[in-house]
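# Topology and contacts: notes
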Protein chains: 2
Amino acid sequence: MPLRLDFTQPDFETAFSAFLATKREVSEDVDAIVRDIIERVRTEGDAALIDYSKKFDRLDLAEVGIKVTAQEVEAAAASVDDETRQALELAHKRIWSHHARQMPEDDRYIDPIGVELGSRWTAVEAVGLYVPGGTASYPSSVLMNAVPAKVAGVERIVMVVPTPDGVLNPLVLAAAKLAGVSEIYRVGGAQAVAALAYGTETITPVAKIVGPGNAFVAAAKRRVFGTVGIDMIAGPSEVLVIADGANDPAWIAADLIAQAEHDTAAQSILITDDAAFADAVEKEVSRQIAILPRGETAAQSWRDYGAIILVPDLEAAVPLANRIAAEHLELAFEDADAYVDKIRNAGAIFIGRHTPEVIGDYVGGSNHVLPTARSARFSSGLTVLDFVKHTSLLKLGPDQLRQIGPAAVTLAKAENLDGHAASVAIRLNPEG
Amino acid sequence: MPLRLDFTQPDFETAFSAFLATKREVSEDVDAIVRDIIERVRTEGDAALIDYSKKFDRLDLAEVGIKVTAQEVEAAAASVDDETRQALELAHKRIWSHHARQMPEDDRYIDPIGVELGSRWTAVEAVGLYVPGGTASYPSSVLMNAVPAKVAGVERIVMVVPTPDGVLNPLVLAAAKLAGVSEIYRVGGAQAVAALAYGTETITPVAKIVGPGNAFVAAAKRRVFGTVGIDMIAGPSEVLVIADGANDPAWIAADLIAQAEHDTAAQSILITDDAAFADAVEKEVSRQIAILPRGETAAQSWRDYGAIILVPDLEAAVPLANRIAAEHLELAFEDADAYVDKIRNAGAIFIGRHTPEVIGDYVGGSNHVLPTARSARFSSGLTVLDFVKHTSLLKLGPDQLRQIGPAAVTLAKAENLDGHAASVAIRLNPEG
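If you check an unreviewed UniProt entry, chain A appears there as Histidinol dehydrogenase from Aquamicrobium zhengzhouense.

Below, the discussion takes up the relation of the copies chain A and chain B. Mapping between the two copies of the chain is achieved by a rotation about an axis and a shift along the axis. The operation relating chain A to chain B is a screw motion whose rotation component is 180°, with 0.0 Å of axial translation and a residual RMSD of 0.0 Å. Here the copies are linked by what is in effect a two-fold axis. In terms of C-alpha distance to the rotation axis, chain A has P104(A) as its closest residue, with the C-alpha 4.3 Å off the axis. A symmetric contact is evident, with 100% of the interface residues of chain A recurring at the interface of chain B.

Residues and elements named next belong to chain A. A rise of 1.5 Å per residue sets the reference length of helix 2 (residues 31-44), with its 14 residues, at 20 Å; its end C-alpha atoms lie 20 Å apart and thus fit the reference within 8%. Along helix 2, the positions that sit buried rather than exposed are V34, I37, I38 and V41. With its buried residues spanning 95° around the axis, helix 2 presents them on a single face. Where helix 2 is buried, its residues contact helix 3 (46-57), helix 9 (189-198) and helix 10 (215-224).

Here we come to helix 18 (residues 418-428) of chain A. Those residues of helix 18 of chain A that sit buried are G419(A), H420(A), A421(A), S423(A), V424(A), I426(A) and R427(A). Where helix 18 of chain A is buried, its residues contact helix 17 (398-414) of chain A together with helix 11 (249-260), helix 12 (275-290), strand 12 (328-332) and helix 16 (357-362) of chain B.

Under the criterion given, the structure shown has 10 aromatic pairs over all chains. Look at F7(B) and F12(B): their rings are 5.2 Å apart centre to centre, the planes differ by 50°, and that puts the pair in the tilted class. Look at F7(B) and you get partly exposed, because its relative accessible area is 31%. The interplanar angle of 0° and the centroid separation of 5.8 Å between the aromatic rings of Y52(B) and F56(B) together place this pair among those described as stacked. One end of the pair, Y52(B), and the other, F56(B), are both in helix 3 (residues 46-57), 4 residues apart, so they sit about a helical turn from each other. F56(B) gets classed as partly exposed once you look at its relative accessible area, which sits at 37%. Here the aromatic residues F7(A), F12(A), F16(A) and F19(A) are joined through ring pairs into a cluster of three or more. Above the plane of the ring of Y52(A) lies R40(A), whose end atom (NZ or CZ) is 4.9 Å from the centre. One Lys or Arg, K342(B), reaches over the ring of Y339(B) and ends 4.4 Å from the middle of that ring.

Sequence positions flagged by UniProt for "binding site: substrate" (unreviewed entry) are, in local numbering, S237(A), Q259(A), H262(A), H328(A), D361(A), E415(A) and H420(A). Spatial dispersion of the annotated residues is evident: they stretch over 184 residues in sequence, and the largest pairwise C-alpha distance comes to 55.5 Å. By secondary structure assignment, the location of D361(A) is in helix 16 (residues 357-362). Once residues lying within four places of it in the same chain are set aside, the contact partners of D361(A) are S140(A), M144(A), H328(A), H368(A) and H420(B). Its location among the elements puts H420(A) in helix 18. Residue H420(A) is classed as buried on the basis of its relative accessible area of 0%. Excluding its chain neighbours within four sequence positions, the residues that come into contact with H420(A) are A412(A), A258(B), E261(B), H262(B), V358(B), D361(B) and Y362(B).

Analysis parameters
- Residues numbered from 1 in each chain as written.
- Chains lettered and ligands numbered in written order.
- Predicted model: local features only at pLDDT ≥ 70, side-chain atom pairs only at ≥ 80, totals over all residues.
- Heavy atoms only, no water.
- Least-squares fit on C-alpha atoms with pLDDT ≥ 70 in both.
- Contact = heavy atoms within 4.5 Å.
- Helix = DSSP H or I, 4+ residues; strand = E, 2+ residues; numbered from the N terminus.
- Expected span 1.5 Å × (residues − 1).
- Buried < 20%, exposed > 50% of the residue type's maximum accessible area, 1.4 Å probe, protein only.
- Arc of directions from axis to C-beta.
- Phe/Tyr/Trp six-rings, centres within 6.5 Å; stacked < 30°, edge-to-face > 60°.
- Lys NZ or Arg CZ within 6 Å of the ring centre and 35° of its normal.
- UniProt positions renumbered as here; feature names shortened; annotations may be inferred.

Shown next, in the form of structure tokens:
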């Protein structure tokens, strides 16, 4: 049974605060193992990758090659059926056109006293994209990570993907081809992250690593951070659905289940102003889970982390939604548009009854890499901005230096940084 | 003696690679201590802050109060002399007008098939600003961190600053007042970071923590990351000056020294195409350091980490500069403008002979919080974007769902996520 909270009950604030503080992840302590793996890849290069793949993936890379060949990629792409290929192409097209609008513009200007200033954006030169193996090897995730990088102008996109027993997901290769991934290597785990950060004989290092992964991958990304950039470390997925009683309970139940089927640590939350509707949704969740292939996962997630919160009216849901700061927020009621600007903290907002969150996972055009675990209070989903970097430009002539230089000298002296003061003062009094 | 490298020598690439790999920081292992401090602040709140301040700052907060009063701030601001106050005001005005141009615009649009999409930016609700105590307590740093937050629309800016023996830097308080900091607490170290992240009886928690600090502060920021956002962990400062022989060696020497005086781990690098000029600069550095108050620090930095790289022509400096990816890059030669677009990796570029880096530290208008240790290859200096977050908006009606929904169903099934498929399919076939 999911948690039930009632806004009108006197203990609500206490219960809701406790609910917000719930941790859904057990962080495995794999740091010592990961440190050793990274060290070995740094010193032994390809030989370490070959050895780890034998051990973890039961695959001899010395035989099949570390790099996935162009022929393999072509063959995989050709094996995709027409319907799936067209769906991937639609997703790619829509993700591209949405992200193309995110490209920041350079700003060069001259201020009233003649100082030239600028903000300039340049693409990261090379990006590594980690793709998990096995059942979590998702072609949609390849598109969501690679397309913004490509839009940003990243020249080298290097994909790594573990291939347990040598098995590669052909859809992942097809998505990589579609997105314009430059190189693909069949390595995974902390060793793949180390190879991307430090390079080996076969893999030239990148400047930034993105993409989801297990505890070993996450720990490796944390360790190499600084040497390269990394994206956020994503936690288990979550959805908050705010729905009134006019919804079909089966639709809302399906949305809650879609999130819950990801992972036993996923979280689905319903806020509604209609107690009878809440009951109907709960009944529907049970009915639908029973016939779902991943029903056991969904049932456990719903039981352990699911929640239904009753509010006296939808207005009362707004501050709760802002505190939950959900990765995905569905507003499933008639005047949803009027509520969008009241929501301050959310990774993505899905507006109205006909925008199930799943559309955003695949073909909506927006990115599905979004902040989890309440981090939408301070962080953003993946955008083109994650693949560019900002450089400030400043240019003064002698006149401008005469005008604002003395203030710099004053402040430097006030901070007891006389060397700073001298570097300006020497240009103001060239004789001394 | 600083390192000397010559591009034309056969061992240059080996020597330059080794130079790039030099670590300038000894990372103190303070993590266990910091873990305990954070835990105590979480459980004991204000009492822990009071206890730690007695121990580390020799100050009884129970007596003087954790919060700095409005009267104290007013008194400090009133004590600042006119020249310094005007310099602070000029810096504030110029930083504000530059950063105001960085505010991202929301984007709402309807695509050709009628799907409504959007990118929306909202300010982080509350930000904590760490300001170091003692000699590293810089009013300029208060402006550089607080102004972008204020421009972004952050409602609560909470400053923490350690006050060893009860001493507060009046200029820091004056800068905080000028920048519109909302609250100031006289606590520092890991305990202040913990208080900002988790809150105490006196300090309401924030959503993001920014600002420089020592090893304890950096370790605490890493530990609370996830609960709150953090900015980059800045390393020692660095400058790369590319200069031809037509410069006054004394000017360039002053710029190298300005960086070196920060810290014994700071780094100053000169690239020049003129060997005689290199010698003249080196002589000037020695002469100027000898009469500098922080000369000993500067001398040690210059000796241990300084470098002079000779190139056959300035064009050869470009790829080197892109590999160094310096925090600060000065282009001190006649046609510097023509080189700006060739530089891909740099935190900030200072163009021409009359733009010493120090101008950017104080009054240029651009931010002085910039990526160090080659991280300009993948990260940016502080901008308004660090204080806002992105929310995706998506809205479909029944027609749009009919058009792109089937592709989502296809991809969900291809990923074996039947619950995902069902959440779209149930809306396409309402009969069930």
